[in-house]
Protein chains: 2
Amino acid sequence: MRILMVDDHPLLREGIAAVIAAQDDMSIVAEASSGPEAIDMFRKCRPDITLMDLQMPGMNGEEAIRNIVSEFPKARIIVLTNYSGDAQVIRAMKMGASAYLLKNMLRADLLDTIRKVHEGKHYLPSEVAGIIAAHMMDDALSGREMDVLRLVAQGCSNKEVGNRMHISEETAKSHVSSILSKLGARDRTQAVVIAARRGIIDILNGAP
Amino acid sequence: MRILMVDDHPLLREGIAAVIAAQDDMSIVAEASSGPEAIDMFRKCRPDITLMDLQMPGMNGEEAIRNIVSEFPKARIIVLTNYSGDAQVIRAMKMGASAYLLKNMLRADLLDTIRKVHEGKHYLPSEVAGIIAAHMMDDALSGREMDVLRLVAQGCSNKEVGNRMHISEETAKSHVSSILSKLGARDRTQAVVIAARRGIIDILNGAP
DNA sequence: TCAGCATACCCCCGATCGGGGGATATGGAG
DNA sequence: CTCCATATCCCCCGATCGGGGGTATGCTGA
């Protein structure tokens, strides 16, 4: 199996490379440390499996996945990341990922997953599956609600949200209300915290 | 140099181990994946250098550092973590860390830092130093303000903050006001986001 | 000793929030 | 074609927020 590894942490790449190198049916054929680089390398190498982190500077991993999958629908991509927010997992799988692993997993789990995915299977470890299951029944935020949420996280009042989105303050308020109800939050502050925990928005950087 | 490595990511440990193993003046003498385990291993092995992640399940790295340094004041600890919030860096250094590295650094940087720290030096990469410098003039939140901030992040109103802390709503309000002014936030929501970005609180889990 | 700070409390007041009740239009799914 | 989610706008109203003022305690470090 020819593997492309995409991650901006050289030390982690080293670790994965060591694990892969010890297998006689796998080899790392390319590495990338950013989204655009990942797309380039995929075009050049056509790997059987791609290991992809989601948190990277610049273009994030999700966009890279979407690009690769739209160009190469048969690409097998395994997401390997630190965070386990259900929304982030769902977005990645919708983009076309075949598996979603957390970085705190063991070597064996990584190797097992690579082999499963190579056989064409999809895979979610129970830890991740459980997180998704816990929010199966929740209905997702709509596009407008996401926009409002991001502005609220920047400290915008309802009036400012209205101005920036060119809608009335009343409309912004009603969006905020449904955000609170969908997320089960008591106020806008808790809504932002819950959304960050669940991977709905990324407050550490900026956009989703 | 005898090195103890503390991190809950086996794959990253593998990577660091590979890098260290290639050096003829260093070796990994022990590994730990949690705070208590780190303290145990330190007592048993008395390493020259300890590489420590801050984000770990259970006891966090900061507490482990404090425990180790109070028992072994000559311990040389290098923090190796993902996040770069200025408050987190400052807390770690106050706890007694000798250096603060980000996980996206190169092998060479890690090795350089290990050697510098082994000589008794302290070290902050310019990337990290810059983040601290940007907030040098800010005055830190007081203990009570931290308590209030954590409750606010949980969606508490001023009244609820007052009840939970056994102070009046008015006092809670005045704490919130100074939090807003110290963080430069427009409202409590933005205050929580800024505090999370700067590593003042950790909204992804719970406590600071 | 005394200034400075953190802590705690109080009042006022306009702005904002969040819940409640609506209404209308659009567009896609069944 | 009907149903439903989305999106937009409107009004009311009590609760909450955040800024402004002020007072008092106790600890600490210069």
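Residues numbered from 1 in each chain as written. Chains lettered and ligands numbered in written order. Predicted model: local features only at pLDDT ≥ 70, side-chain atom pairs only at ≥ 80, totals over all residues. Heavy atoms only, no water.

**Describing the side chain of D8 of chain A**
Stated precisely, the cut-off is as follows: Where helices and strands are cited, they refer to DSSP runs of H or I of at least four residues and of E of at least two residues respectively, numbered from the N terminus. Under this definition, polar contacts are N or O atom pairs within 3.5 Å; protein pairs additionally need one hydrogen-donor-capable and one acceptor-capable atom, and for neighbouring residues in sequence, both atoms have to be side-chain atoms. Here, two residues are considered to be in contact whenever any of their heavy atoms come within 4.5 Å of each other.
Mapped onto the secondary structure, D8 of chain A falls in the loop between β1 (2–6) and α1 (10–21). Polar side-chain contacts of D8 of chain A include one of 3.5 Å to the side chain of H9 of chain A. Among residues more than four places away in sequence, those in contact with D8 of chain A are R13, S33, D53, Q55, M56 and P57 of chain A together with N104 of chain B.

**Quick look at the sheet that holds strand β3 (residues 49–52) of chain B**
All names here are of chain B. Keep this limit in mind: At least two bridges found by DSSP between two strands are what make those strands a pair. Note on geometry: axes are C-alpha line fits, over the in-contact stretch for helices, and angles between N-to-C directions span 0 to 180 degrees.
Pairing in this open sheet of five strands is parallel, and the strands run β2-β1-β3-β4-β5 from one edge to the other. Single-partner strands in this sheet number two, and they are β2 (27–32) and β5 (99–102). The average undirected angle you get between the axes of adjacent strands in this sheet is 20°. Note that strand β1 (residues 2–6) and β3 share four bridges and pair parallel. Within β3, the residue paired with I3 across the bridge is I49. Strands in contact with helix α1 (residues 10–21) are β1, β2, β3 and β4 (77–81); relative to β2, the strand with the most contacts, it is inclined by about 165°. Against the sheet, helix α4 (residues 86–95) engages β4 and β5, with an angle of about 145° to β5.

**Structural notes on the protein's contact with DNA strand D**
Stated precisely, the cut-off is as follows: Being near a molecule or strand, for a residue, comes down to having at least one heavy atom within 4 Å of it. As a working rule, the residues Ala, Val, Leu, Ile, Met, Phe, Trp, Tyr, Cys and Pro are called nonpolar, Asp, Glu, Lys and Arg charged, and the rest polar, with Gly in that last group.
Around DNA strand D, 18 residues are found, and the nearest of them are S142, R144 and S168 of chain A together with K173 and R188 of chain B. E170 of chain A places a side-chain nitrogen or oxygen 3.4 Å from a base nitrogen of DNA strand D. Here a phosphate oxygen of DNA strand D sits 3.0 Å away from a polar atom, N or O, in the side chain of K159 of chain B. Sorting the residues of the surface near DNA strand D by element identifies α7 (143–153) and α9 (169–183) of chain A together with α8 (158–165) and α9 (169–183) of chain B as the ones contributing at least two each. Along the lines of polarity and charge, the residues of the surface near DNA strand D split into three nonpolar, nine polar and six charged.

**Notes on the layout of surface pockets**
All names here are of chain B. Note the following rule: The method works on a 1 Å grid over the protein atoms by themselves. A cavity is a set of points holding a 1.4 Å probe that cannot get out, a pocket is an open set with protein on both sides within 12 Å along at least five of seven lines, and residues with an atom within 4 Å of a point line them. Grid points are joined across faces, edges and corners, and a volume is the space filled by probe spheres set on the points.
Volume-wise, the second largest pocket comes out at about 480 Å³. Looking at the second largest pocket, it is lined by 23 residues, and the ones nearest its centre are A87, I90, R91, A140 and I200. If you list the elements that add at least two residues to the lining of the second largest pocket, you get α3 (61–71), α4, α7 (143–153) and α9. Among the elements that take part in the lining of the second largest pocket, α4 stands out by supplying six residues, more than any other. Considered class by class, the residues forming the lining of the second largest pocket number ten nonpolar, two polar and eleven charged.

**Quick notes on α9 of chain B**
Residue and element names in this part refer to chain B. For clarity, the cut-off: By definition here, a helix of n residues has an expected span of 1.5 Å times n minus one. Throughout, exposure labels follow a simple rule: accessible area from a 1.4 Å probe, protein chains only, divided by the maximum for the residue type, with under 20% read as buried, over 50% as exposed, and the rest as partly exposed. Of all possible arcs, the one meant is that of the directions from the helix axis to the C-beta atoms.
When the terminal C-alpha atoms of α9 are compared, their 21 Å separation across 15 residues agrees well with the 21 Å that a helix rising 1.5 Å per residue should span. Within α9, the full set of buried residues consists of A172, H175, V176, I179 and L183. Taken down its axis, α9 places every buried residue within 100° of arc, on the same side. Residues of α9 that are exposed and point more than 90 degrees away from the buried face comprise E170 and S181. The secondary structure elements touched by the buried residues of α9 are α7, α8 and α10 (188–197). Of the residues trailing α9, G184 is marked for its positive phi of about 70°.

**A look at the interface of chain B and chain A**
Heads up, the rule is: When two components associate, each loses some accessible surface as probed by a 1.4 Å sphere; the sum of these losses over both components is called the buried area. By definition here, a salt bridge exists when the distance from a side-chain nitrogen of Lys or Arg to a carboxyl oxygen of Asp or Glu is within 4 Å.
Taken together, the contacts link 38 residues of chain B with 38 residues of chain A. For the chain B and chain A pair, buried surface summed over both sides reaches about 3300 Å², with 57% attributable to carbon and sulfur atoms. Here chain B is connected to chain A by four salt bridges. Here R107 of chain B and E14 of chain A are joined by a salt bridge, their closest N and O atoms 2.4 Å apart. Where chain B touches chain A, the interface holds 13 residue pairs in polar contact (both at pLDDT 80 or more). Listing elements by their share of the side of chain B that touches chain A, those giving two or more residues are α1, α5 (107–118), α7, α8 and α10 of chain B. Of all the elements, α1 of chain B adds the most residues to the side of chain B that touches chain A, at eight residues. Considered class by class, the residues forming the side of chain B that touches chain A number 19 nonpolar, nine polar and ten charged.

**Structural notes on the side chain of D86 of chain B**
Residues and elements named next belong to chain B. By the element assignment, D86 lies in helix α4. With relative accessibility at 4%, the residue D86 sits in the buried group. In this view, D86 contacts I131, I132, H135 and R198; residues no more than four positions away in its chain are not counted.

**Overview of the environment of I49 of chain A**
Residues and elements named next belong to chain A. Inspection of the secondary structure puts I49 in strand β3 (residues 49–52). Sequence separation between I49 and M1 is 48 residues; the distance between their C-alpha atoms is 7.2 Å. In contact with I49, not counting residues within four places along its chain, are R2, I3, L4, R76, I78, I114, V117 and H118.

**Focus on the pattern of salt bridges**
Residue and element names in this part refer to chain B. Taken as a whole, this structure holds 30 salt bridges over all chains when the rule is applied. When the shortest N-O distance is used, the salt bridge between D25 and R115 registers 2.9 Å. Of this pair, D25 sits in the loop between α1 and β2 while R115 sits in helix α5, placing them 90 residues apart in sequence. Residue R115 is classed as partly exposed on the basis of its relative accessible area, which comes to 27%.

**Considerations on unusual backbone geometry**
For R46 of chain A, which is not glycine, the phi torsion reads 45° and is therefore positive. Tracing the chain through its elements places R46 of chain A in the loop between α2 (35–45) and β3.

**Let's talk about the relation of the copies chain B and chain A**
Our working rule: Superposition of the copies used a least-squares fit over C-alpha atoms from residues whose pLDDT is at least 70 in both.
For the pair chain B and chain A, the best superposition has an RMSD of 0.1 Å and corresponds to a rotation of 180° with a translation of 0.0 Å parallel to the axis. What the superposition gives is, in effect, a two-fold axis relating one chain to the other. Using C-alpha coordinates, one finds that chain B approaches the rotation axis most closely at G15 of chain B, a distance of 1.6 Å. Looking at chain B, 100% of its interface residues are interface residues in chain A too, so the copies touch through the same face.

None of the figures reported here should be taken as evidence of function without further support.
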